Structures are given as C-alpha cells and as structure tokens.
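Spelled out, the chains give:
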Amino acid sequence: MAVIIDGKKISQQIKDELKERVEALQAEGKSGALAVVQVGSDPASGVYVRNKKNACAYIGIESLAYELKEETTQQELLSLIEKLNQDDHVKGILVQLPLPAHIDENAVIRAIAPQKDVDGFHPQSVGLMTIGQDGFLPCTPAGIIQLLKRTGIEIAGKHCVIIGRSNIVGKPMALLMLREHATVTITHSRTKNLQEICRQADILIAALGKPRFVGAEYIKEGAVVIDVGIHRNEENKLCGDVDFENVEPLTSAITPVPGGVGPMTIAMLMQNCVESIAKEGAV
Ligand code: GUN
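Residues numbered from 1 in each chain as written. Predicted model: local features only at pLDDT ≥ 70, side-chain atom pairs only at ≥ 80, totals over all residues. Heavy atoms only, no water.

Visitor: Explain the environment of Glu-62 to me, please; I cannot follow it from the model alone.
Guide: In this structure, Glu-62 sits in strand 3 (residues 62-68). Residues in contact with Glu-62, not counting those within four places in the same chain, are Gly-32, Ala-33, Leu-34 and His-89. (Helix = DSSP H or I, 4+ residues; strand = E, 2+ residues; numbered from the N terminus. Contact = heavy atoms within 4.5 Å.)

Spelled out as structure tokens, the structure:
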C-alpha cells in the first residue's frame, strides 16, 4: 500500500512551529508585514492571494494587500515596489504571478529588494541557491523537500526525475534535489524517450502542467511520486499532472491533489517571511 503523503497535515505542523516562532520574535520586539500585490482579477490568483493572507493571520504576521486594477502600468507597479522596498516595516514582498501581458514579469521580479524576496524568484536568490549559499528558497520546491524529509523518504543517492523546466518549479527543484545528494534528470517537452527515463526514477516529480499526463506506464514499481500540477477536470474536480488512480498502486508513496504539494507552498512562504522578520531584513 502506498503512503499518501499528507501535505495538509505537514503544512499545518510547519505553520504551528512558525506561529510559536513568531510569538518568540515578537517578545524580542521583532515584527513586520508581508506585502501581497495582485494586478488584475484572475480568479485562481485571487484564491492563492486569499490563502496567503489567511496563512499570515494564522501564524500571527501582518499582511498588507495591494489589489491593483488590470490596467495598472508597469511604471506604477515598479513605483509601488520601490515604496515597499523602502518601508522598513515590510519584511516580504510578493507579487502574484502571472502578471497581465503588458507588464514585464522579469523587470518586476528584479525590482524587488533581494532581502524581501520571499518568493525566492530574484536572480540574486536564484544565484545564492545555485551555489548553495543562504538566501530565500522558492516555495514550491522547498516545500517538496520538506514533504519528502518529514515523510522519512531518503533522497541521497536516489535517482530523481523531474518533468518540467520552469523557473518556478522544475529548475530550482533540480538544484534542491542535487543539494540533497540525489542524482537528477530534468526532462521537458522536447525530451526523447520520456517514459523510459521516468521509469528509471526512484523519485518522480511531475511539474509539466498537463492534467493526468503521467500514467502507470511512466512509473517504476515502488517509486515515490510528487505531483505539482493542479487543474480542474471535465467534472470540475481538482486533479494533478498524475493519473492518481492508476499510478498510486505502483508507488511506495505519492502526493494527492488537492492536499499534497499545494499547502506546502504557502507554508514555505510563511517560513521565508518569518526568516526575514528574524533577520530584520538583513541578508
Ligand atoms: N503564481 C503561481 N505560483 C506562484 C508563486 O509561488 N508565487 C507567486 N508570486 N506567484 C505564483
């Protein structure tokens, strides 16, 4: 029987640990806010932003919501970021992605002060992670590492195959698995023999963004499967990149959707915010 990795439970444990840490920091006079910036009214982004604000309230840190209209110009957004960079009370800045097409996402990410980059997307954060130095780690890959560790799954020496090469998940995931001493293969839409490569994985991480793409034929018996995807199927039910029903019986452990990776992303965002408050903004 596969272990169903309970991301809801593990993320709750992390948030409870952080809540205690926030209380201790407050006793030392350390506090601060997370600024959450949303441009436009994409419904999925709205849900994520609400969840982030709720998590802040739960662990006891202040969140400042900036809901900007779709027509906001890049300059207006950059001016807001500059104002937040200068505000000592703001310890973390999160700009919800995707941004409207007329705004250059990379320019916005680069404008965030690296010491407030709690998403871990700034080139400085990415660089520090790449060379194994301290900096903010991107939340979804860092959450997956925590899921594996807290479930007691060994990573060192394992062959980890990642499907997807995005800047937010695939690429940083590879670096973090490498840091944990896995042997890492990154695959993507141009990879030849994808099934064959996936069948060599001890740990398979699906982050390609296609509903139920990964079927039983991609799985080695006893593999650990982590599903980063989140989609709505024909019946409006949530599903991942993995065909859970057919894959689960072959695995030793697997994350469900919902309740697997998703809640961990927010828990790790909270962790980055708490670290930023603890450091009083200094990297
Ligand atoms: N959109 C999808 N995932 C994320 C994330 O982790 N951070 C931000 N800022 N936007 C996202």
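Visitor: Would you explain the side chain of Thr-72 in this entry?
Guide: Considering the arrangement of structural elements, one finds Thr-72 in the loop between strand 3 and helix 3 (74-86). For Thr-72, a relative accessible area of 4% translates into the label buried. Those residues in contact with Thr-72 that lie beyond four places of it in its chain are Val-39, Leu-77, His-102 and Ile-103. (Buried < 20%, exposed > 50% of the residue type's maximum accessible area, 1.4 Å probe, protein only.)

Visitor: Before we go on, may I ask you to explain the sheet that holds strand 5 (residues 159-163) in this structure?
Guide: Strands pair in a sheet through their backbones, by hydrogen bonds, and they do so in one of two ways: parallel or antiparallel. Ordered in space as 1-11-8-7-5-6, the 6 strands form an open sheet in which the pairing is parallel. This sheet does not close on itself; its edge strands, each paired only once, are strand 1 (3-4) and strand 6 (183-187). Where strand 7 (residues 203-206) meets strand 8 (residues 224-227), 4 bridges bridge the pair, whose relative direction is parallel. Each bridged residue has a counterpart across the sheet, and for Ala-206 the counterpart in strand 8 is Asp-227. (Pairing = 2+ DSSP bridges.)

Visitor: It is not clear to me how the pairing of strand 3 should be interpreted in this structure. Could you clarify?
Guide: Examined bridge by bridge, strand 2 (residues 33-39) and strand 3 share 7 bridges and lie parallel to one another. Pairing of Ala-33 across the sheet is with Glu-62, part of strand 3. Taken together, strand 2, helix 2 (residues 43-59) and strand 3 form a β-α-β motif whose crossover is right-handed. (Right-handed = clockwise from strand over helix to strand, strands pointing away.)

Visitor: Help me understand the environment of Lys-149 in this model?
Guide: Checked against the element boundaries, Lys-149 lands in helix 6 (residues 139-150). Residue class for Lys-149 comes out partly exposed when judged on its relative accessible area of 43%. Lys-149 sits 105 residues away from Ile-254 along the chain, and the two C-alpha atoms are 14 Å apart. Within polar-contact distance, the side chain of Lys-149 engages the side chain of Glu-180 at 3.1 Å. (Polar contact = N/O pair within 3.5 Å; in protein donor to acceptor, adjacent residues only side chain to side chain.)

Visitor: Sorry if this is basic, but what is going on with the packing of helix 5 (residues 123-130) against helix 7 (residues 170-179) here?
Guide: In a packed pair of helices, the relevant descriptors are the angle between the two axes and the axis-to-axis distance. The geometry of helix 5 relative to helix 7 is characterised by a closest axis approach of 10 Å and an angle of 30° between their N-to-C directions. With respect to each other, helix 5 and helix 7 are oriented roughly parallel. Remark: the crossing between helix 5 and helix 7 carries left-handed chirality. Side by side, helix 5 and helix 7 meet where Leu-128, Met-129 and Thr-130 of the first sit next to Pro-172, Leu-175, Leu-176 and Arg-179 of the second. Looking at the contact of helix 5 with helix 7, its residues break down into 5 nonpolar, 1 polar and 1 charged. (Axes fitted to C-alpha atoms, helices over the stretch in contact; angles between N-to-C directions. Parallel < 35°, antiparallel > 145°, perpendicular 65-115°, else oblique. Left-handed = near helix turned anticlockwise from the far one by under 90°. Nonpolar A, V, L, I, M, F, W, Y, C, P; charged D, E, K, R; others polar.)

Visitor: What am I meant to see in the site of the ligand here?
Guide: With respect to spatial proximity, the complete set of residues near the ligand consists of Lys-52, Leu-94, Val-95, Gln-96, Leu-97, Asp-119 and Phe-121. Within the backbone of Leu-97, a nitrogen or oxygen atom sits 2.9 Å from a nitrogen atom of the ligand. Between the ligand and the protein, one listed contact pairs a nitrogen atom with a side-chain N or O atom of Asp-119 at 2.6 Å. Considering the ligand on its own, with 280 Å² of exposed area, one finds that the protein chains cover 81% of that surface. Across the shell around the ligand, the residue classes tally to 4 nonpolar, 1 polar and 2 charged. (Near = heavy atom within 4 Å. Areas by Shrake-Rupley, 256 points an atom, 1.4 Å probe, with all protein chains shown as cover.)

Visitor: Please clarify how helix 7 should be interpreted in this entry.
Guide: One full turn of an α-helix is made of 3.6 residues, so residues set three or four places apart face in the same direction. The complete set of buried residues in helix 7 reads Gly-170, Pro-172, Met-173, Ala-174, Leu-176 and Met-177. Next to the buried residues of helix 7 lie helix 5, helix 6, strand 5, strand 6 and strand 7. Once helix 7 finishes, His-181 follows within two positions and takes phi at roughly 70°, a positive value.

Visitor: Can you help me understand the packing of aromatic side chains in this one?
Guide: The relative placement of two aromatic rings is captured by the distance of their centres and the angle of their planes. Following the criterion strictly, the structure yields 1 aromatic pair and no others. The interplanar angle of 50° and the centroid separation of 5.6 Å between the aromatic rings of Phe-213 and Tyr-218 together place this pair among those described as tilted. Positioned above the aromatic ring of Tyr-58, the side-chain terminus of Lys-15 is 5.9 Å from the ring centre. Sitting over the ring of Tyr-58, Lys-19 keeps its end group 4.5 Å from the ring centre. (Phe/Tyr/Trp six-rings, centres within 6.5 Å; stacked < 30°, edge-to-face > 60°. Lys NZ or Arg CZ within 6 Å of the ring centre and 35° of its normal.)

Visitor: How should I be thinking about helix 10 (residues 261-279) in this particular structure?
Guide: An ideal rise of 1.5 Å per residue puts 27 Å on 19 residues; helix 10 measures up with 27 Å between its terminal C-alpha atoms. Every buried residue of helix 10 is listed here: Val-261, Met-264, Ile-266, Ala-267, Met-268, Leu-269, Met-270, Asn-272, Cys-273, Val-274, Ser-276 and Ile-277. Phi turns positive one or two residues past the end of helix 10, at Glu-280, with a value near 55°. (Expected span 1.5 Å × (residues − 1).)

Visitor: Is there a simple way to think about the pattern of salt bridges in this case?
Guide: With the rule as written, the count across this model stands at 5 salt bridges. As a salt-bridge pair, Glu-67 and Lys-53 come within 3.1 Å of each other at their nearest N and O atoms. Residue Glu-67 is located in strand 3, and its partner Lys-53 is located in helix 2; the two are separated by 14 residues in the primary sequence. Notably, a salt bridge pairs Arg-212 with Asp-243, separated by 3.4 Å at the nearest N-O pair. On the criterion of sequence distance, the pair formed by Arg-212 in the loop between strand 7 and strand 8 and Asp-243 in the loop between strand 10 (238-239) and helix 9 (244-247) is long-range, its members being 31 residues apart. A residue is classified by how much of its surface remains accessible, and Arg-212, at 40% relative accessible area, is partly exposed. (Salt bridge = Lys/Arg side-chain N within 4 Å of Asp/Glu carboxyl O.)

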